Amino acid sequence: MSDIIIKGGVVFDPLNNVNGELKEIYIKEGKVAEEFPENKAKVIDAKGMTVMPGGVDLHSHIAGSKINIGRLMRPEDHRKDPVPRSINTRSGVGYSCPSTFVTGYRYAQMGYTTVMEAAMPPLGARHVHEELNDTPIIDKAAFTLFGNNYFVLKYIKEGDKDKLKAFIAWLLRATRGYAVKIVNPGGVEHWKWGRNVEGLDTPIENYEITPREVITSLAESNEELGLPHTIHLHCNNLGVPGNYETTIETIDTVKGIKPKKGREASVHIVHCQFNALDGENWMKLKSGASKISKYVNGKSHVTLDLGQVIFTDTTTMTGDGPWQFRLWELTGNKWVNSDVEMEAGAGVVPYTFKKNNPANAIQWAIGLELALLIKDPWKVYMTTDHPNGGPFYYYPKVISWLMSRKSRTETMLESNKSCIRKTTLDGSYREYTFNDIAIVTRAATAKVLGLVNKGHLGIGADGDVSIYKINPKTWRPSKFKELEKAFSSAAYTIKNGDIVVKDGEVHSTSLGSTFWADAEIPEGLESELVKELEEDFSKYYTVNFRNYPVEEAYLPTQIPVEAKGGKW
Amino acid sequence: MKKIDVTLISGRTTQQGVGLEEGKTSEAYTKSVDYIELNSSDAEKLGLKEEYLVKVSNENGSVVLKWKKTDGLDSGIAFIPYGPWANQLFGYETESTGMPWFKGIPALIEGESKENMLTLQEIVESLRSGK
Amino acid sequence: MQIVTDIVCPFCGCLCDDLEATIENNHISKIKNACAISRSKFLNHSKNRLNSPTIDGEKVSLEKALDAAADILSTSRRPLIYGLSSTECEAIGKAVEISELTGGVIDNTSSVCHGPTILALQQVGESKTTLGEVKNRSDLIIFWGSNPTQAHLRHLLRYSGISKGLYTSEGRKKRFIIAVDIRETATAKMADQFIKIKPNKDFELLQALSAAVRGYEVPDVAGVSKDEIMELANRMKNAKFGIVFFGLGLTQSRGRHMNIDAAVMLVAELNHHTKFLLTPMRGHYNVAGANTVTTWQTGYPYAVDFSRGYPRYNPGEYTSIDLLAKGEVDAALIIASDPVSTFPANVVRELAKIPVITLDHKISPTTMLSKVALPVATAGIEGEGTAYRMDGVPLRLSKLLEPEEGVKTDAELLDMIIERIGGKR
């Protein structure tokens, strides 16, 4: 940790209204600081370069049993991308299911400094944290799965709001999770009997409640607890043509929930592309992106991320067990299913997105459509739902599609004409600016996550900065290949005031911190809750209650984020 | 000397587990892995008496062991608990799977062996010297 | 005197976590809820311990032994690092690091256990679950080539046959248990149905079942009558929640991974009709951990070669048996395992030709054959760490006692070796 001065760069810091200013950035003792004299500070000459806060990826599958199943299952994928060790770095493998060391290095090489693991089954929390502890450089957090949890369903069925809130707070602490993740609510519970739900109002067997009630109850509890992030929701009917209707209905169903003080949103919809399909079936597929965008443009209570498709061979993995089974039926590719007692499920199936496949071409267009049709970049974030849509190393490609109509036209013309005929993509002339990119990959994501020291370069922010070798003052959208190259390999990535990457090479690999949400529970309520949990654990779980919460040993560097203003 | 051909399998037993946790050099462990289980009609064919030792051999090697009668085994199938005695009979061929053929290989059993059964120490020494 | 509860047992893949120990004078005097084997592990933990570091059987100081070990590893051209299924995850990570540093091969006991299951997963997948779902929902349980009454003693009680759960309050009464095996084991005796199969014919029977599930007529196969096959297929289709637990009967007989492949495809097919799953009965308490850690760090589960500076995977070439049989490794570091007892004898003869370093808590044929032997604290009794249950659930092992003076954990010793090697390469 040294003092750093970044001079001469073009700075984008949307949260502080800095839009392409020539500005110096001062970092002292790991934090962004006031101006100080040069003296012994390391001076970085960023002339002609783009300077942004370190990237914040709010949805990626990088640690835990699901991604590890992906790794286990796909030796053929690894062979495409072996990573030799170097003086500073361990060896490993890349491509769609990178090993943990490589994950940390490659995110840092692209200028990302914070990544969220999108789905953590509570029973496997230790596994997630062990892998995060082997993921170097980046700061991270993991979202705990709640949407098909026995206790959640039970307390909603009983109408016990206080116990539900207490359970959420308790489970976040027990798993050291950061947010409430919901995947196909009700559907994964049904999958335990080999079935699914059809939509928001299918009654969930043995609970007599509906997915709609699960979502609204969790959203309400989430806001009343004052958790740093909104609910993080993977909608019902993922992958089903026509599902854009379910998605709009889902977003609409929480519009009445009062968000906690300081935010307008009460729900974040994940990898929306997969839930933005229109058409009766896969043969008649068309884009539902414009319908969703129209709805989202008129509302302020929702945010979403893209789940952008990349034309490559990748690995799908979600907590949506029945959907993954369906994908096996559709493709015949190898399929691993992994149910977790009382809590969750998962499935992993390799998949190749092909340019000449009419459905894939439409899906590719949908992700970009959502980004281009939704007017407010503070609402829509860039992800590929790594590795579902494609590996995260393709983010620079997505950036080039967003910032350059020429870039996306080139890809459109290489792809099946369905992307032109069945979507509105061709009609969009919008091109994202550097400021827009800074918003959708850092500023907005940090903000919606409630990470107050990330995603910006104001005084006191964490000293996480990325510097790219591209001059925003002279760049033109026709030079999209140059743009891709610049964003693929940061000139500098600075993490907590340490230069961790220089010219795309990793220089230092210390471990980042793990964030988790620390919400208060009234004492009497907590002891009542624990008693009830213990009883059900002994009857229905196969681990003892006392062995369930994650021990301190799994969090060598943790940062609890207090959830303030809990209402009881 | 009476002989029969069998299909040989090896596997775990509770006693073997109990013994190995005491230690591989314990008597309990040796007692749990130094015998072959045979069907009673096969034992009869071999003319075996309780105190006899038997010699089991195949293309991979041979071993002299105690024997026990078991119901549950069909005639022509024999079981040796997994361990240093059983392993004299398995080979290194894995057919590119990494896994030797541990269950269901052919072996020949000869009754009333006059040779001695090796102790664990002796087996280790013979392995060390490459014999 | 102290009573410790919720102890995780470090023996088999069941990883039971409800044990209770009475500790007096740094010694375990009583153990509750332990099966016979677990009881032996806890109550006998101090017997037959490796008393001191040795080189060629002679007692030496720890420093000398570590120097010798580091020397062997750093001068070898291609060492094999093997074992790992009976130690905790941090140690496993260090073993991977040593393999990378020395350009050697890292392999673990799944190579000779459920490696074929992994090969099948890499070919066709696997439809699995954590054990609580079996306890809570199963009405049909099939043990195929597996004998839990001898190898996973509390499995039936805690997770499967006899357990009672959320939708299975009547336990055993409402479950139908089938054992498929070549011999009538104790498991077969307690099952509702024993299907006796001819040795080495599991693949054929699994394929026939798949055909029957799809509605085709099948002949007698593998010594099982066509009526029995049709009946089993129908029973499987009509179960509410069925599961196949399979063991070494499938992985070690003729066909190896193809047997599992066939079982996986049968279960996948059944998912068109009802909820059906399968789960391998992992042997050692942390072999799943060995696979899990190696996979997240290198991308591959076992048989990982680092001779080119990056991980490469090729079962049949980089698996221990094959490496040793072909004389392709020139040193070995054995951690928490006894290959001299478990490998075929003519493979052990090859192992005996190269210098072997062993880390173990007790004397074993492998420590007897080693050039350097290092005593370790028993993981799960004298040292903490993570272990992964057969179904992938991670639990924390306890430290109940202090190890003997000067005795370190696997992770600590491996760290000391890494320090010494780091300087030499």
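Residues numbered from 1 in each chain as written. Chains lettered and ligands numbered in written order. Predicted model: local features only at pLDDT ≥ 70, side-chain atom pairs only at ≥ 80, totals over all residues. Heavy atoms only, no water.

> Explain unusual backbone geometry to me, using residue names and the numbers behind them.
A cis amide bond links A:His386 to the next residue, A:Pro387, at an omega of 0°. With respect to the helices, strands and loops of the structure, A:Pro387 is situated in the loop between strand E22 (380–381) and helix H13 (395–403). Of note in the backbone geometry, C:Asp6 takes a positive phi value of approximately 55° without being a glycine. Relative to the helices and strands, C:Asp6 resides in strand E1 (residues 2–7). You will see that C:Asn25, though not glycine, has its phi angle at about 50°, which is positive. By the secondary structure assignment, C:Asn25 is in the loop between strand E2 (19–24) and strand E3 (27–32). (Helix = DSSP H or I, 4+ residues; strand = E, 2+ residues; numbered from the N terminus.)

> So what's going on with the pairing of strand E1 (residues 3–11) of chain B? Which residues, and what values?
As judged from the seven bridges shared by E1(B) and strand E6 (residues 103–110) of chain B, these two strands associate in the antiparallel manner. Residue pairing for E6(B): B:Lys3 is matched across the bridge by B:Glu110. (Pairing = 2+ DSSP bridges.)

> Please provide a residue-by-residue account of the side chain of C:Thr295, values included.
Along the chain, the position of C:Thr295 falls in helix H13 (residues 287–298). When neighbours within four sequence positions are excluded, C:Thr295 is seen to be in contact with A:Asn68, A:Arg71, A:Leu72, C:Tyr300 and C:Pro301. (Contact = heavy atoms within 4.5 Å.)

> So what's going on with the interface of chain B and chain C? Which residues, and what values?
Across the boundary between the two partners, chain B contributes 50 residues, which contact 58 residues of chain C. Summing both sides of the interface, chain B and chain C together bury roughly 4,500 Å²; the carbon and sulfur share of this comes to 57%. Seen at the junction of chain B and chain C, the total is three salt bridges. Linking chain B with chain C are 19 residue pairs in polar contact (both at pLDDT 80 or more). When residues of the side of chain B that touches chain C are traced back to their parent elements, those giving at least two are E1, helix H1 (14–22), strand E5 (77–81), E6 and helix H4 (120–128) of chain B. Among the elements that make up the side of chain B that touches chain C, the one with the highest residue count is H1(B) (seven residues). Each residue belonging to the side of chain B that touches chain C can be placed in one class, and the counts come to 18 nonpolar, 21 polar and 11 charged. (Buried area = accessible area lost by both parts, 1.4 Å probe. Salt bridge = Lys/Arg side-chain N within 4 Å of Asp/Glu carboxyl O. Polar contact = N/O pair within 3.5 Å; in protein donor to acceptor, adjacent residues only side chain to side chain. Nonpolar A, V, L, I, M, F, W, Y, C, P; charged D, E, K, R; others polar.)

> An account of the interface of chain C and chain A is needed here, citing residue identities and associated values.
Every contact between the two is made by 62 residues of chain C and, on the other side, 58 residues of chain A. Three residues, C:Glu100, C:Lys275 and C:Trp296, lead the burial of chain C against chain A; their summed loss comes to 13% of the area buried on that side. Across the contact surface, chain C and chain A share six salt bridges. The shortest N-O distance in the salt bridge between A:Arg546 and C:Asp6 comes to 2.9 Å. Run the count over chain C and chain A and you get 41 residue pairs in polar contact (both at pLDDT 80 or more). When residues of the side of chain C that touches chain A are assigned to their parent elements, the largest contribution, six residues, is made by helix H5 (residues 131–137) of chain C. Partitioned by chemical class, the residues of the side of chain C that touches chain A number 25 nonpolar, 20 polar and 17 charged. Bridge count for strand E20 (residues 335–339) of chain A against strand E8 (residues 125–129) of chain C is five bridges, and the pairing is parallel. By the bridge assignment for E8(C), A:Asn337 is matched with C:Ser127.

> Outline the packing of helix H5 (residues 150–158) of chain A against helix H18 (residues 523–540) of chain A, listing residues and values.
Residue and element names in this part refer to chain A. The contact between H5 and H18 brings their axes to 12 Å, and the two run at 125°. Between H5 and H18, the angle falls in the class oblique. In this structure, H5 meets H18 at a crossing whose hand is right-handed. Here H5 contributes Tyr150, Phe151, Lys154 and Tyr155 to the contact with H18, which in turn contributes Leu529, Glu532, Leu533, Asp536, Phe537 and Tyr540. For the contact of H5 with H18, the residue count by class is seven nonpolar, no polar and three charged. (Axes fitted to C-alpha atoms, helices over the stretch in contact; angles between N-to-C directions. Parallel < 35°, antiparallel > 145°, perpendicular 65-115°, else oblique. Left-handed = near helix turned anticlockwise from the far one by under 90°.)

> Give me the nonpolar core: which residues, what numbers.
Grouped together as the largest cluster of nonpolar side chains are 163 residues, with contacts concentrated most on A:Phe167, A:Trp170 and A:Trp364. The element that contributes the greatest number of residues to this core is helix H12 (residues 358–373) of chain A, accounting for 10 residues. A:Trp170 has contacts with A:Ile521, A:Glu526, A:Leu529, A:Val530, A:Leu533, A:Phe545, A:Tyr548 and A:Pro549, leaving out every residue within four places of it along the chain. Grouped together as the second largest cluster of nonpolar side chains are 111 residues, B:Met99, C:Ala352, C:Met368 and C:Ile418 included. (Core = buried A, V, L, I, M, F, W, Y, C linked by side-chain atoms within 4.5 Å. Buried < 20%, exposed > 50% of the residue type's maximum accessible area, 1.4 Å probe, protein only.)

> Can you break down the sheet that holds strand E26 (residues 505–506) of chain A residue by residue, with the values?
Residues and elements named next belong to chain A. Reading across from one edge, E3-E2-E7-E23-E24-E25-E26 is the order of the seven strands in this open sheet, with mixed pairing throughout. Each end of this open sheet is capped by a strand with a single partner; those strands are strand E3 (18–22) and E26. Pairing of strand E24 (residues 492–495) with strand E25 (residues 498–502), which is carried by four bridges, proceeds in the antiparallel orientation. The residue bridging Tyr492 from the neighbouring strand is Lys502, located in E25. Running at roughly 25° to strand E7 (residues 50–53), helix H16 (residues 434–449) makes contact with strand E2 (10–13), E3, E7 and strand E23 (465–468) of the sheet.

> Please provide a residue-by-residue account of the sheet that holds E1(C), values included.
Residue and element names in this part refer to chain C. On the basis of which strands lie adjacent, the open sheet formed by three strands has the order E1-E2-E3 and antiparallel pairing. Strands with a single pairing partner mark the edges of an open sheet, and in this sheet they are E1 and E3. On average, each strand axis in the sheet is tilted by 25° relative to the strand beside it, whichever way the strands run.

> An account of the domain arrangement of chain C is needed here, citing residue identities and associated values.
All names here are of chain C. Its domain assignment divides chain C into domain 1 (50–113 + 285–424) and domain 2 (115–280). Here the C-alpha centre of domain 2 lies 34 Å away from the C-alpha centre of domain 1. Contact with domain 1, which involves 12 residues of that partner, is made by 15 residues of domain 2. In this assembly, domain 1 packs against domain 2 so that about 1,100 Å² is buried in total across both faces, 58% of it on carbon and sulfur atoms. Taken as a group, Cys113, Met390 and Asp391 account for 51% of the area that domain 1 buries against domain 2, more than any other trio of residues on that side. For the interface between domain 1 and domain 2, the tally reads zero salt bridges. In this structure, the connection of domain 1 to domain 2 is made through six residue pairs in polar contact (both at pLDDT 80 or more). (Domains from an automatic or database assignment.)

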